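What the coordinates show
This is what each chain is made of:
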Amino acid sequence: MQYDALVASIRLVGVSKHFGDVKAVDNVSLDIADRDFMILLGPSGCGKSTLLRTIAGLEDPTAGEVWIGDNMVNDVEPKNRDVSMVFQSYALYPHKSVQANIEFPLKVRGVNKTERAEAAKQAAEVLGLTPYLERRPGALSGGQRQRVALARAIVRQPAVFCMDEPLSNLDAKLRAETRAELVALHDRLNATFVYVTHDQVEAMTMGNRIAVMRDGIIEQVGSPKEVYDKPASVFVAQFIGTPPMNIFPAGSVEAADHVVGARPEHTHLTTSGVAATVALVEHLGHEIQVVCTIDAEHRAIVRIPAGTEVPGNGSSVFLTADENYRHRFNVETGLRIS
Ligand code: ATP
C-alpha cells in the first residue's frame, strides 16, 4: 500500500496557545517538510501535546498561523484537515470487530461498504493484522490493539499523521518492536509524521528531525545527530542522551566565565582533575556506570567497559572531561557557546 503524491508540509508561524495564564505554547515557529518524521520532544507539561493538537485542529491557537501545504488551516475543521490523529489510548470500539474498527473513519465519511472493506484489508495487511480482522479488540494483545489504532489512522490515507505518545502503554520489548514498525510504516506511506514523546530514545531512533520543547517554546530543532552532538543549551544537553550530559561547576574545568559539559562516554576517572566522590556503581552487564557527586548541585556519570576495576562507593576520585569533546555553555543563559 503506497499513498501517492498526497503529502504535505506543515508551517507554524508564531503559534501560541494560552489557557488563562498558562502559556502552553508560546510563539512557536516551525517548518516541517513533506514526509518528515518530526518528533516533538520534551518533559511533561512543556506543551508538545498542545502544539500537536493545534496542528490537528483540536485546539484553536490564541495567536499565529498553521499552514498545511499551501493552505492556512486556522479556520478549517479538524475533519477537513487531511490529518489523522493517533492517541496514547487506543479508544477502539470493544463490540466491533477489528475490521469494523479500522473501517470506521471511512464509514462516517459515507464511503460504500465494498470500498471500505477493501481499504481496511489493505491497512490491516500493512500492519500485519490480516489474521485478526474478525476478532474483537478484547481478544488482542496490547501491541496488536495499538496496531489496529494505527490501521484505523492510515485507512483514510491522510497527508499528515499526528501521533501523541502512541507507544506509552506498551511494555519495553513491544515498544522497541513497534518503534521499528512505525519507522517502516513511515517509509512505506510516504506521509508526514508528527510524533509527540517525552522519551528521548524514541526521538533519537525514529525521527529524522527533533524539536526539543521546554516551557512552551522550542529550544532546538535538528537531526538526532545534531541535537546530540551540538546541543543548543544545557537543557537540551541533559534531555538528550542516557545517561544525560555531565555539567561541571563553572570554573572547575575551564575559566569560570562559562560552563563545561561532557557526555558520560567522554568523562574519565583520572588521577587529577575535578574532585568527586563515588555515590553509586551500576553494573549494567555491557558496561559500568559510576555515578559521582561533585557538590550539592552537580553529579557526573562515567561510563566504563564491563570487567574494569572501579572504585567503590564513597571513594574519592578525580574526573576529567575529554578536551576533544567538551561542550561550552553560557553561565547565565545556559546557551551553547559556539
Ligand atoms: P505531557 O507529556 O504530560 O502530556 P505536554 O508536554 O504534552 O505534557 P501539554 O499537555 O501540551 O504538555 O500541556 C502544556 C501546559 O498546558 C501544561 O501546563 C498543562 O497543564 C496546560 N494545559 C493543557 N491543556 C489545558 C487545558 N485544556 N486547560 C488548561 N491548561 C491546559
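Computed from a predicted structure; not experimentally measured.

Section: the side chain of Glu59
Turning to its location among the elements, Glu59 is positioned in the loop between α1 (48-56) and β4 (63-68). Among the polar contacts made by the side chain of Glu59, one reaches the side chain of Arg53 at a distance of 3.2 Å. When neighbours within four sequence positions are excluded, Glu59 is seen to be in contact with Lys17, Phe19, Thr50, Arg53 and Thr54.

What to know about the site of the ligand
Taken together, Phe19, Val22, Ala24, Pro43, Ser44, Gly45, Cys46, Gly47, Lys48, Ser49, Thr50 and Glu165 are the residues near the ligand. Ser44 is positioned such that a nitrogen or oxygen atom in its side chain is 2.6 Å from an oxygen atom of the ligand. Ser49 places a polar side-chain atom, nitrogen or oxygen, 2.7 Å from an oxygen atom of the ligand. Out of a free accessible area of 630 Å², the ligand has 57% covered by protein chains. For the shell around the ligand, the secondary structure elements donating two or more residues are β2 (22-32) and α1. Class assignment of the residues belonging to the shell around the ligand gives a composition of five nonpolar, five polar and two charged.

Section: the layout of surface pockets
Space inside the largest pocket adds up to approximately 520 Å³. If you trace the largest pocket, you find 21 residues lining it, with Ser84, Met85, Pro105, Arg152 and Arg156 closest to the centre. When contributions to the lining of the largest pocket are tallied by element, the ones reaching two or more residues are β6 (83-86), α2 (98-107) and α4 (142-154). In terms of residues, the lining of the largest pocket owes the most to one element, β6, which gives four residues.

Quick notes on unusual backbone geometry
The omega torsion of the bond from Thr242 to Pro243 falls at -10°, within 30 degrees of zero and hence cis. Looking at the secondary structure, you find Pro243 in the loop between α8 (234-239) and β11 (246-247). Phi at Asn27 takes a positive value of approximately 55°, unusual for a residue other than glycine. For Asn27, a relative accessible area of 54% puts it in the exposed group. Even without being glycine, Arg35 reaches a positive phi, approximately 70°. Its relative accessible area of 35% is what places Arg35 among the partly exposed residues.

A look at the domain arrangement of the chain
Structurally, the chain comprises domain 1 (10-235) and domain 2 (252-330). Relative to domain 2, the C-alpha centre of domain 1 lies at a distance of 38 Å. The interface is formed by six residues belonging to domain 1 together with four residues belonging to domain 2. Summing both partners gives a buried area of about 440 Å² for domain 1 against domain 2, and 58% of it is carried by carbon and sulfur. The interface formed by domain 1 and domain 2 holds two residue pairs in polar contact (both at pLDDT 80 or more) in total. Considering every element that reaches the side of domain 1 that touches domain 2, the biggest residue donor is helix α7 (residues 224-229), with three residues. By residue class, the composition of the side of domain 1 that touches domain 2 is four nonpolar, one polar and one charged.

Cut-offs used in this document
- Residues numbered from 1 in each chain as written.
- Predicted model: local features only at pLDDT ≥ 70, side-chain atom pairs only at ≥ 80, totals over all residues.
- Heavy atoms only, no water.
- Helix = DSSP H or I, 4+ residues; strand = E, 2+ residues; numbered from the N terminus.
- Polar contact = N/O pair within 3.5 Å; in protein donor to acceptor, adjacent residues only side chain to side chain.
- Contact = heavy atoms within 4.5 Å.
- Near = heavy atom within 4 Å.
- Areas by Shrake-Rupley, 256 points an atom, 1.4 Å probe, with all protein chains shown as cover.
- Nonpolar A, V, L, I, M, F, W, Y, C, P; charged D, E, K, R; others polar.
- 1 Å grid on protein atoms, 1.4 Å probe; cavity = no way out; pocket = protein on both sides within 12 Å on 5 of 7 lines; lining within 4 Å.
- Points joined across faces, edges and corners; volume = space filled by probe spheres on them.
- Buried < 20%, exposed > 50% of the residue type's maximum accessible area, 1.4 Å probe, protein only.
- Domains from an automatic or database assignment.
- Buried area = accessible area lost by both parts, 1.4 Å probe.

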